[in-house]
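Take a look at the letters that make up each chain.
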Amino acid sequence: MPRTTISVINADVGSFPGHSRTHPKLLETAAQMLKSERGKLLTDSFVTHCGDSLELIMMHTRGIYNEEIHRLAGNVFMECTKVAKSLKLYEAGQDMPAGAFAGNVRGMGPGVAEMEFEERESDPVLIYMADKAGPGAWNFYLYKIFADPFNTPGLVIDPSLHEGFVFEVHDLVGKRKISFACPEESYNLLACVGAPSRYIIRHVFKKDGTIAASTSTRRLNKETGQVMGEDDPVMIVRAQDGFPSMGEAIEPFTIPVLVAGWMRGSHHGPFMPVGLCDANCTRFDGPPRVICLGFQVTNGTLIGPADMFDDPGFDRVRARCNKLADTIRAQGPFEPHRLSREEMEYTTLPAVEKALELRWEPLGE
Ligand code: F6R
Ligand code: MG
């Protein structure tokens, strides 16, 4: 049996109204293009959206970073851009390069989370997709799922989890990586990933090297000052039987956490777990939101999806997120609702400050 690869690749190639949601015609175009690859490049696929982000879930046997799979995703986004342009959707082709498409989505606008593994007897997988949240949004949740026994009792009572997990952390500014074994190094891990604007948990492994979780990482484009394609991170988590259970992997989303993103990628806001029918951004272009689809991975196909946050069990956190949104929105353009000075470097604020540069005078004290 060949190893199975899951590639989740997403991009905002146009939405309506404004940056709110993906048009059904784009979803249809993408779904048809991927379906026609079944039995060729792909073993299965599923297409959905979170807010303005079009999400391609692709199953295959070609491993991660595969050029043909990435080219297929790029071609889907190019076709969807054409549809978006014909409908004059907002920011059609936002995450695509202005010039010719070179064929690989890595390092471009689209976000990529991938993992390759040997299927277990039965293999539950959860795919989380967010909009209006920065790339470090998963740090808190991955720590809770794979390192916090108050969230995941399996770490204490299940021998197959008891050894703990290894976290691979990427420094998005220094462009370097480091690994921390937990529970031994949990304080070092937290010292880094508590700063999610710079340090991102990219992968989680079992101690024997088996992949447990993968995320997408991208950084705002400092040169152009644009927030393009940086607010819709995705994450893949394997569950059960040697990994945290499905319930342990969604439990931390009952905590209302503030993440960077929201309006203009420049504000902190509550990360709200929602069902698919609510995967549309409205209030103040948000609030930041996350959906989670559950699948059984069966011989390279996806059995599902199950809409994990479409459950009254998450009503209370949604209400608490709304309360938090009211509280923090009242601060208007003031920090900490607005991101810190340092983080605002990646937004359009520097252009405003530049215009004031010549007007500043020395204090002369
Ligand atoms: C944030 C987002 C929106 C836009 C905002 C301004 O990721 O997509 O909040 O930043 O609507 O959009 P423009 O600059 O296109 O008018
Ligand atoms: Mg978006």
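*Asks:* Outline the pattern of salt bridges, supporting the account with residue identities and numerical values.
*Replies:* A full pass over the atoms with the stated rule returns 17 salt bridges. For Glu116, the salt bridge identified is with Arg3, shortest N-O distance 3.5 Å. Of this pair, Glu116 sits in strand β4 (residues 111-117) while Arg3 sits in the segment before β1 (4-11), and the two are 113 residues apart along the sequence. Exposure remark for Glu116: the relative accessible area of 28% places this residue in the partly exposed category. Across the pair Glu79 and Lys82 runs a salt bridge, and its minimum N-O distance is 2.9 Å. Of this pair, Glu79 and Lys82 both sit in helix α2 (residues 67-86), three residues apart, which is roughly one turn of that helix. A residue is classified by how much of its surface remains accessible, and Lys82, at 53% relative accessible area, is exposed.

*Asks:* Requested: an account of the environment of Ala11, with residues and values cited.
*Replies:* For Ala11, the location among the structural elements is in strand β1. Owing to a relative accessible area of 0%, Ala11 belongs among the buried residues under this scheme. Once the C-alpha coordinates of Ala11 and Asn322 are considered, the two residues, 311 residues apart in sequence, prove to be 27 Å apart. In contact with Ala11, not counting residues within four places along its chain, are Asp52, Ser53, Leu54, Phe77, Asp95 and Pro110.

*Asks:* Pulling in residues and values, what's your account of the nonpolar core?
*Replies:* For soluble globular proteins, the rule of thumb is that nonpolar side chains tend to be buried together. The biggest cluster of nonpolar side chains holds 65 residues, and the ones touching the most others in it are Ile6, Tyr128, Phe146, Phe253 and Phe271. Top element by residues in this core is helix α3 (residues 138-147). It accounts for seven residues. Counting contributing residues per domain, this core is built from domain 1 (1-118) and domain 2 (119-350), each supplying no fewer than three. The contacts of Phe271, once residues within four sequence positions are left out, are Ala130, Ala133, Ala137, Trp138, Tyr141, Phe253, Val257, Val259, Pro288, Arg289, Val290 and Cys321. Within the second largest apolar cluster, 23 residues are counted, among which are Ala30, Val47, Met58 and Phe77.

*Asks:* Tell me about the domain arrangement of the chain, and please be specific about residues and values.
*Replies:* It is common to give the size of an interface as the accessible area that goes away when the parts come together. Domain assignment breaks the chain into domain 1 (1-118) and domain 2 (119-350). For domain 1 versus domain 2, the separation of C-alpha centres amounts to 21 Å. In this assembly, domain 1 packs against domain 2 so that about 3000 Å² is buried in total across both faces, 62% of it on carbon and sulfur atoms. On the domain 1 side of the contact with domain 2, Cys50, Met115 and Phe117 bury the most area, a combined 19% of that side's loss. Scanning the region where domain 1 abuts domain 2 turns up one salt bridge.

*Asks:* Before we move on, can you summarise the side chain of Lys144 with the specific residues and values?
*Replies:* Structurally, the position occupied by Lys144 is in helix α3. In this structure Lys144 comes out as buried when scored by relative accessible area, which is 16%. In terms of polar contacts, Lys144 uses its side chain to reach the side chain of Asp148, at 2.8 Å. Setting aside anything within four residues of it in sequence, one finds Lys144 in contact with Asn151, Thr152, Pro252 and Ile255.

The rules behind the values
- Residues numbered from 1 in each chain as written.
- Chains lettered and ligands numbered in written order.
- Predicted model: local features only at pLDDT ≥ 70, side-chain atom pairs only at ≥ 80, totals over all residues.
- Heavy atoms only, no water.
- Salt bridge = Lys/Arg side-chain N within 4 Å of Asp/Glu carboxyl O.
- Helix = DSSP H or I, 4+ residues; strand = E, 2+ residues; numbered from the N terminus.
- Buried < 20%, exposed > 50% of the residue type's maximum accessible area, 1.4 Å probe, protein only.
- Contact = heavy atoms within 4.5 Å.
- Core = buried A, V, L, I, M, F, W, Y, C linked by side-chain atoms within 4.5 Å.
- Domains from an automatic or database assignment.
- Buried area = accessible area lost by both parts, 1.4 Å probe.
- Polar contact = N/O pair within 3.5 Å; in protein donor to acceptor, adjacent residues only side chain to side chain.

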